[in-house]
Amino acid sequence: MRVLVRIYGVKIPKSPGVNYHEALNRLSEERRNRTLRFVRKDDRIRSVIAEALVRTLFLRDHQVDNESLRFTVNSYGKPSLAAYPDYHYNLSHSGDYVLCAVDSRPSGIDVEEIKPIDLTIADRFFSGAENRQIREIPKDRRIGYFYQLWTAKESYIKFRGNGLSMPLNSFSIRIDDDHIELSEQDGCLVQEPDCYFKAFEISPQYKATLCSESPNHPGTIEWMDCLDLFKKFVEVSGGNYATR
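Here the structure is a predicted model, which means the values were calculated and not measured.

### A closer look at the environment of Pro193
Link 1 in the chain: Position of Pro193 among the secondary structure elements: in the loop between β9 (188-189) and β10 (196-200).
Link 2 in the chain: Sequence-wise, Pro193 and Tyr156 are 37 residues apart; in three dimensions their C-alpha atoms are separated by 12 Å.

Shown next, in the form of structure tokens:
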């Protein structure tokens, strides 16, 4: 049984001395400009990690020039590599983590840091069935359940590639123990689902969910140290956009 989709993760370093500029200079001009507009350094590092991760994963397996890679987005804003329609990736970041799913078919991944939240927000964004699920579980588990449900719903929307055009309350997700499934789509019961979910444990303060066409999910996330990622990216990228 072949696992198609792979998940990679990077923890954002807290050290103020992290030098990201060498990696930044090997990104596209658009990404460099967008990164430098961030006021906070951790936001700049997160931005560099995201694109450096995608480029490193692709370049290490394909004999192409870093400078030839061009990113595009569909009409709903989902990014992809323009010349490689069979190479699908999806990024998500929250708090201390950046995650990237890579597959030969569309996939979606979402990670969220668990923070205090007014659960009445679920009335606005979740379906009636999901709100009933939240009310039925013990109060001390509701916040964690909310975030697990949220990441599953976000991963599904990203899998579909429809962005904000697909309301969160237009479909329902059901979670039983560790099993996650699509229970309603556009108000109709799902008889034969065309996607599968898997939750990943990162830390007690985070929830993360993958949605993909294949049920053959990886057992774990492949973690990469941030400084090692930057070093590897410099090795495989070769060129330096900013000095040309």
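After presenting the structure, the write-up continues.
### Overview of the pairing of strand β5 (residues 97-103)
Link 1 in the chain: Of all seven residues making up β5, seven are buried, and the element is well covered by its neighbours.
Link 2 in the chain: Burial of β5 is two-sided: the residues Tyr97, Leu99, Ala101 and Asp103 facing one way and the residues Val98, Cys100 and Val102 facing the other way are all buried.
Link 3 in the chain: Across six bridges, strand β1 (residues 6-11) lies against β5 in antiparallel orientation. Looking at β5, one finds that Val10 is bridged to Val98.
Link 4 in the chain: Bridge count for strand β4 (residues 88-94) against β5 is seven bridges, and the pairing is antiparallel.

### Remarks on the packing of aromatic side chains
Aromatic rings considered in pairs are described by the distance between their centres and by the relative angle of their planes.
Link 1 in the chain: This model, assessed by the stated rule, comprises 13 aromatic pairs.
Link 2 in the chain: Measuring from centroid to centroid gives 6.2 Å for Phe71 and Tyr89, while their planes differ by 90°, and the two rings are edge-to-face. In this pair, Phe71 sits in strand β2 (residues 71-73) while Tyr89 sits in strand β4, placing the two residues 18 residues apart along the sequence.
Link 3 in the chain: Judged by its relative accessible area of 5%, Tyr89 is buried.
Link 4 in the chain: Members of the aromatic cluster, connected to one another through ring pairs, are Phe125, Phe126, Phe146, Tyr147 and Trp150.
Link 5 in the chain: Across from the ring centre of Phe171, 4.0 Å away, lies the NZ or CZ of Lys153, which sits over that ring.
Link 6 in the chain: The lysine or arginine in question, Lys198, covers the ring of Phe200, its NZ or CZ lying 5.4 Å from the ring centre.

### Some details on the environment of Leu119
Link 1 in the chain: Following the sequence through the fold, Leu119 ends up in the loop between β6 (107-113) and α4 (121-125).
Link 2 in the chain: Leu119 gets classed as partly exposed once you look at its relative accessible area, which sits at 23%.
Link 3 in the chain: Each C-alpha atom, one on Leu119 and one on Ser183, is 21 Å from the other, the two residues being 64 residues apart in sequence.

### A short note on the sheet that holds β4
Link 1 in the chain: Read from one edge to the other, the open sheet built from four strands follows the order β4-β5-β1-β12, with strand pairing classed as mixed. In this open sheet, the two strands that pair with only one neighbour each are β4 and β12 (222-224). For this sheet, the mean angle separating the axes of adjacent strands, direction not counted, is 20°.
Link 2 in the chain: Two strands pair when backbone bridges link them, and β1 and β12 are joined in this way by three bridges, in the parallel orientation. Pairing of Tyr8 across the sheet is with Glu222, part of β12.

The rules behind the values
Residues numbered from 1 in each chain as written. Predicted model: local features only at pLDDT ≥ 70, side-chain atom pairs only at ≥ 80, totals over all residues. Heavy atoms only, no water. Helix = DSSP H or I, 4+ residues; strand = E, 2+ residues; numbered from the N terminus. Buried < 20%, exposed > 50% of the residue type's maximum accessible area, 1.4 Å probe, protein only. Pairing = 2+ DSSP bridges. Phe/Tyr/Trp six-rings, centres within 6.5 Å; stacked < 30°, edge-to-face > 60°. Lys NZ or Arg CZ within 6 Å of the ring centre and 35° of its normal. Axes fitted to C-alpha atoms, helices over the stretch in contact; angles between N-to-C directions.

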